[in-house]
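Residues per chain are reported as follows:
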Amino acid sequence: MSEYVDQIETGESVGLVEKRFFTFGGDEPLELESGRRLGPVTLAYETCGTLNADKTNAILVCHALTGDSHVAGVYSGNDPKPGWWSLMVGPGKPIDTDKYFVICSNVIGGCMGSTGPTSADPATGRPYGASFPVVTIGDMVRAQRRLVDSFGIDTLLAVVGGSVGGMQVLEWSVRYPHRVHAAIPLATTTKHSAQAIAFNEVARQAIMADPKWNRGDYYETGRPEHGLAVARMVGHITYLSDESMRHKFDRRLQDRVELSFDFEADFQVESYLRYQGNKFVDRFDANSFLYLTKAADYFNLENHYGDGSLVAAFSRASCRYLVVSFTSDWLYPTYQSKNMVKAMKKNGLDVSFCEIEAPWGHDAFLLPNKRLSDLLAGFLNKICLHCRIGVHDEI
Amino acid sequence: MRYDLQVIASWIEPGSRVLDLGCRTGSLLAHLADEKAIVGTGIEIDEDAAGRAIAKGLSVIHGDIYEEIEDYPDNAFDYVILSQALMQVLDPETLIREMLRVGRLGIVSFPNFTHYKNRFQMFFTGRAPMSKELPYEWYNTPNIRVIPIIDFRRFCKHLGVPIVKELALSTHHHDEQGKVITFLPNLFATFGVFMLGQAR
């Protein structure tokens, strides 16, 4: 979830990329799961690689909670920060842009260019704020489908994503079973545990308790920065693990040799969380955070598609799956991945599963990990062979 | 590929559905996929081995065979293979019944404990036998069972499970070469390979 992890560019970069915008639903608004309608809808998206002549080599990468469309490459020659999954997406990398055409879009409800609470409500001309309709993971995926359609792509070679991006992957595979050859849900779940919802609720309350939140109407009066920073701090704790925090900070003091006996940030971990919170405020919108966490909390694949049965939900699916969890991920622990694997097996689906030993908590899918790279590269290669995609010939 | 795996591979019908329990890095599954166009799945408890098998493009579940086999529907496979893992299985009776629930046929291979060299070692040295097939001391062995070929036959009888095919081999643990033993297999074979059918 913490896409802010500063990626170290390894290997060759996809080079310059450009954020583009796709708008639809001007005449016919998107019907949301809540029953409300949203339109027009804009999706910010980026692509890397080349779509082949048959349009069979497209991979949709879904970002996590507060991520964006900038999956790999840089915006300009002197841009210091490559996209959030540059480790994984690029020429010769596991999601090899010499072979695959990669699409990544910002989800609806987001604030990185796609329609969300910061967008102007066509009815009033002012930002939607809290009048923005509640969106679901299903709604996000339906919007992505419109983007995929706009390329004339019938079937995606793969849909890949971690965390809330993994929820979108699962949703794609069950909602549009005939449009996905392979699905790779990483460090994710088919529904939030009470614990995950609890952390999100604390984060939301932090925002809503900030007087500047003003019931979501703050775009002219000043943003609830403190509430959003606290919300991020809560979230950030859930992305790490006891071990990684002990390793990074232990009880070391920050810029001091003695305790202050006041409420300064004595400990490194306090200082780090404050820094992460403040950094987040610069790039993210508080209302978006409320909507996106709610979408993640509402996600419940078995209720939506299986009347409470995960086995019934996956009976709709037909793609191949690669499910990956990480040993120290306590936000979406391995048992949740095993549950989905179990339901896939009961349906006779072709599934591979690996629990990767990693000490860094939920964030592990964003960090350099040879095992994960090998799994993705090998699995995608097999899908490619199975679909007989001559990616090299046709580009 | 190990000789016992070559024998197992020779028993598999092309195009069938195969589950390999304890598949390690998937060399049998890869061979069967290439040569016999099977649809295969493996289960492997070791992360490194499972990860390497998946990275080869095989379908493999990283997990414990007892837990993982439970999830498959009845008759999901044509063959369920347990090669050189029975010695480490806690409850062979349950596992073999599960194998024959999810699969039409089961294939089991194991080192023959009563090979004459083991018998000589015990007889002349008075110590627990160690061999290339069973290369552990009593205190560090992962093998919790010793399996003579004739006892395995009795075990199948006890389960009511018919032995469809059986071969006794003389080969070393990792050797690609070997030969079939027909004369006094319980004495001269290093490995037994059995194909099991549905219980009567």
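Residues numbered from 1 in each chain as written. Chains lettered and ligands numbered in written order. Predicted model: local features only at pLDDT ≥ 70, side-chain atom pairs only at ≥ 80, totals over all residues. Heavy atoms only, no water.

Caption draft 1: Local environment of the overall build of chain A. Check the secondary structure of chain A and you find 12 helices and 12 strands. Whereas a compact globule of 395 residues would reach a radius of gyration of roughly 21 Å, chain A reaches 21 Å, a difference of no more than 12%. When each of the 395 residues of chain A is scored for burial, the buried share is 59%. The contacts of chain A with a sequence gap of at least 6 include a subset with a gap of at least 24, amounting to 74%. (Helix = DSSP H or I, 4+ residues; strand = E, 2+ residues; numbered from the N terminus. Rg over C-alpha atoms; globule rule 2.2 N^0.38 Å. Buried < 20%, exposed > 50% of the residue type's maximum accessible area, 1.4 Å probe, protein only. Contact = heavy atoms within 4.5 Å.)

Caption draft 2: Inspection of helix H1 (residues 3–11) of chain B at higher detail. Burial within H1 of chain B is extensive, with 7 of its 9 residues counted as buried. Among the residues making up H1 of chain B, those that are buried are Tyr3, Asp4, Leu5, Val7, Ile8, Ala9 and Trp11 of chain B.

Caption draft 3: Summary view of the interface of chain B and chain A. Chain B puts 18 residues into the contact, and the matching count from chain A is 20 residues. Buried area between chain B and chain A, summed over both chains or domains, comes out near 1600 Å², and the portion from carbon and sulfur atoms is 49%. Counting across the chain B and chain A interface gives 7 salt bridges. For the salt bridge of Asp71 of chain B with Lys345 of chain A, the shortest nitrogen-to-oxygen distance reads 3.1 Å. (Buried area = accessible area lost by both parts, 1.4 Å probe. Salt bridge = Lys/Arg side-chain N within 4 Å of Asp/Glu carboxyl O.)

Caption draft 4: Spatial organisation of the pattern of salt bridges. As enumerated under the stated definition, the model contains 34 salt bridges over all chains in all. In this structure, the salt-bridge partner of Arg126 of chain A is Glu220 of chain A, at a minimum N-O distance of 3.7 Å. Taken together, the residues Arg126 of chain A in the loop between strand E8 (101–105) and helix H1 (137–150) and Glu220 of chain A in the loop between helix H3 (194–209) and helix H4 (225–239) connect sequence positions 94 residues apart. In this structure Arg126 of chain A comes out as partly exposed when scored by relative accessible area, which is 37%. Salt-bridge contacts for Asp350 of chain A lead to Arg320 of chain A; the nearest nitrogen and oxygen are separated by 3.7 Å. Of this pair, Asp350 of chain A sits in the loop between helix H10 (334–346) and strand E12 (351–356) while Arg320 of chain A sits in strand E11 (residues 320–326), and the two are 30 residues apart along the sequence. For Asp350 of chain A, a relative accessible area of 23% gives the class partly exposed. Taken together, the shared-partner salt bridges connect Lys338, Lys342 and Lys345 of chain A together with Glu67, Glu68 and Asp71 of chain B into one network.

Caption draft 5: Region of the structure containing the pairing of strand E4 (residues 41–48) of chain A. All names here are of chain A. Counted residue by residue, E4 has 7 buried out of 8 residues, so it is predominantly covered. Bridging between strand E1 (residues 20–24) and E4 involves 5 bridges; their strand directions are antiparallel. Of the residues in E4, the one forming a bridge with Phe22 is Leu43. Pairing between E4 and E8: 4 bridges, direction antiparallel. Each bridged residue has a counterpart across the sheet, and for Cys48 the counterpart in E8 is Val102. (Pairing = 2+ DSSP bridges.)

Caption draft 6: Looking closely at the environment of Pro29 of chain A. Residue and element names in this part refer to chain A. Relative to the helices and strands, Pro29 is located in the loop between E1 and strand E2 (30–31). Separated by 10 residues in the primary sequence, Pro29 and Gly39 have C-alpha atoms spaced 4.2 Å apart. Beyond its immediate stretch of four places on either side in the chain, Pro29 contacts Arg37, Leu38 and Gly39.

Caption draft 7: Expanded view of the packing of H1 of chain A against helix H2 (residues 164–175) of chain A. Residues and elements named next belong to chain A. Packing of H1 against H2 leaves a shortest axis separation of 9 Å and a crossing angle of 70°. Between H1 and H2, the crossing angle belongs to the class labelled roughly perpendicular. Helix-helix and strand crossings are classified by hand; for H1 and H2 the assignment is right-handed. Packed against H1, whose contacting residues are Ile137, Gly138, Met140, Val141, Arg142, Gln144, Arg145 and Val148, the element H2 presents Val164, Met167, Gln168, Glu171, Trp172 and Arg175 at the interface. Class assignment for the residues of the contact of H1 with H2 results in 7 nonpolar, 3 polar and 4 charged. (Axes fitted to C-alpha atoms, helices over the stretch in contact; angles between N-to-C directions. Parallel < 35°, antiparallel > 145°, perpendicular 65-115°, else oblique. Left-handed = near helix turned anticlockwise from the far one by under 90°. Nonpolar A, V, L, I, M, F, W, Y, C, P; charged D, E, K, R; others polar.)

Caption draft 8: Expanded view of the packing of aromatic side chains. Residues and elements named next belong to chain B. Applying the stated criterion across every chain, the model contains 25 aromatic pairs over all chains. Taking the centre distance of 4.9 Å and the plane angle of 50° together, the rings of Phe110 and Phe152 count as tilted. Of the two residues, Phe110 sits in strand E5 (residues 103–111) while Phe152 sits in helix H7 (residues 149–159), which places them 42 residues apart along the sequence. The same class applies to Phe110 and to Phe152, which are both buried. (Phe/Tyr/Trp six-rings, centres within 6.5 Å; stacked < 30°, edge-to-face > 60°.)

Caption draft 9: Local environment of the side chain of Glu44 of chain B. Residues and elements named next belong to chain B. On the secondary structure map, Glu44 appears in strand E2 (residues 39–44). The exposure class assigned to Glu44 is buried, which follows from its relative accessible area of 3%. At a separation of 3.4 Å, a polar atom in the side chain of Glu44 contacts the main-chain amide nitrogen of Cys23. In this structure Glu44 touches Gly22, Cys23, Arg24, Ala49, Ala50, Val60, Ile61, His62 and Gly63, once residues within four positions along its chain are discounted. (Polar contact = N/O pair within 3.5 Å; in protein donor to acceptor, adjacent residues only side chain to side chain.)

Caption draft 10: Broad picture of the confidence of the model for chain B. This prediction gives chain B a mean pLDDT of 92; 99% of its residues lie at or above 70. Across the predicted assembly, pTM comes out at 0.94 and ipTM at 0.92. (pLDDT = per-residue confidence, 0-100.)

Caption draft 11: Spatial organisation of the pairing of strand E4 (residues 77–83) of chain B. Residue and element names in this part refer to chain B. For E4, the tally of buried residues reaches 7 of 7 residues, placing the bulk of the element in the interior. As paired strands, strand E1 (residues 17–21) and E4 are joined by 4 bridges and run parallel to one another. Paired with Asp20 across the two strands is Ile81, which belongs to E4. With 6 bridges joining them, E4 and E5 adopt parallel strand pairing. By the bridge assignment for E5, Val80 is matched with Gly106. Handedness of the crossover joining E4 and E5 through helix H5 (residues 92–102): right-handed. (Right-handed = clockwise from strand over helix to strand, strands pointing away.)

Caption draft 12: Here's a closer look at unusual backbone geometry. Following Gly39 of chain A, the chain continues into Pro40 of chain A via a peptide bond in cis, with omega recorded as -5°. Looking at the element boundaries, Pro40 of chain A is found in the loop between strand E3 (37–38) and E4. Even without being glycine, Asp307 of chain A reaches a positive phi, approximately 55°. Within the secondary structure layout, Asp307 of chain A lies in the loop between helix H8 (301–306) and helix H9 (310–314). You can call Asp307 of chain A exposed: its relative accessible area is 76%. Positive phi values are uncommon outside glycine, yet Leu184 of chain B reaches one of about 45°. Relative accessible area serves as the criterion here: at 44%, Leu184 of chain B is assigned to the partly exposed category.

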